[in-house]
Amino acid sequence: QVQLVESGGGLVQAGGSLRLSCAASGGTFSSYALGWFRQAPGKEREFVAAVSRSGVSTRYADSVKGRFTISRDNAKNTVYLQMNSLKPEDTSVYYCAAKTRDTSIRVYEYDYWGQGTQVTVSS
């Protein structure tokens, strides 16, 4: 069973950047596809980005494409989300998640979740 712990959230002005990290333990990290999701108050959790087990294949939501980059370091058991050109509408709690086999954009297909980290973008 995998435990996931996010870090790196905070308050940033519009146009700024943040890098989120998610450290994993308790499982074989390279066996899992990883995703980042976010959830704003009163809204459903939504897909942001995902990376394959090898790190070669990535997927992005249209709303973040070209601004966010997901990557992983299997030697460090960590997945990252580099967020550039941040907008107020990016304000959310960001969660990392893990699943076996291939990446997915669907919340319900992920088996393990972190506790989330708050990202707030001021205008």
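Note: the structure precedes this text.
Residues numbered from 1 in each chain as written. Predicted model: local features only at pLDDT ≥ 70, side-chain atom pairs only at ≥ 80, totals over all residues. Heavy atoms only, no water.

*Asks:* In this structure, what is going on with the nonpolar core? I would like to understand it.
*Replies:* Nonpolar side chains in soluble globular proteins generally cluster together in the buried interior. The biggest cluster of nonpolar side chains holds 33 residues, and the ones touching the most others in it are L4, W36, V48, F68, L81, M83 and Y94. Apart from residues no more than four positions distant in its own chain, L4 is found in contact with C22, A23, A24, C96, A97, A98, Y112, W113, G114 and Q115. (Core = buried A, V, L, I, M, F, W, Y, C linked by side-chain atoms within 4.5 Å. Buried < 20%, exposed > 50% of the residue type's maximum accessible area, 1.4 Å probe, protein only. Contact = heavy atoms within 4.5 Å.)

*Asks:* For this particular structure, what's the right way to read the packing of aromatic side chains?
*Replies:* A ring pair, where both rings are aromatic, is described by two values, the distance of the centres and the angle of the planes. Using the criterion set out here, one finds six aromatic pairs in the structure. Where F37 meets W113, the ring centres are 5.1 Å apart and the plane angle is 55 degrees; that geometry is what we call tilted. Of this pair, F37 sits in strand β4 (residues 32-39) while W113 sits in strand β10 (residues 112-113), and the two are 76 residues apart along the sequence. By relative accessible area, which is 0% here, F37 ends up buried. Given a relative accessible area of 26%, W113 falls into the partly exposed group. Residues Y95 and W113 carry aromatic rings whose centres are separated by 6.5 Å and whose planes lie at 80 degrees to one another, so their mutual orientation is edge-to-face. (Phe/Tyr/Trp six-rings, centres within 6.5 Å; stacked < 30°, edge-to-face > 60°. Helix = DSSP H or I, 4+ residues; strand = E, 2+ residues; numbered from the N terminus.)

*Asks:* I would appreciate a short explanation of the pattern of salt bridges in the present structure.
*Replies:* According to the stated counting rule, one finds six salt bridges in the structure shown. Between D102 and R53 there is a salt bridge, with its nearest N and O atoms 3.9 Å apart. You can see D102 sitting in the loop between β9 (92-100) and β10 and its partner R53 sitting in the loop between β5 (46-51) and β6 (58-60), a full 49 residues away along the chain. K65 serves as the salt-bridge partner of D62, at 3.2 Å between the closest nitrogen and oxygen. What makes D62 exposed here is its relative accessible area of 66%. (Salt bridge = Lys/Arg side-chain N within 4 Å of Asp/Glu carboxyl O.)

*Asks:* How do you make sense of the state of the cysteines when you look at a structure like this?
*Replies:* Among covalent bonds in proteins, the disulfide is the one between the sulfur atoms of two cysteines. Tallying each qualifying case throughout the model produces one disulfide. Between the sulfur of C22 and that of C96 lies a disulfide, 1.9 Å long from S to S. Of this pair, C22 sits in strand β3 (residues 18-25) while C96 sits in strand β9, and the two are 74 residues apart along the sequence. C22 gets classed as buried once you look at its relative accessible area, which sits at 1%. (Disulfide = S-S within 2.5 Å.)

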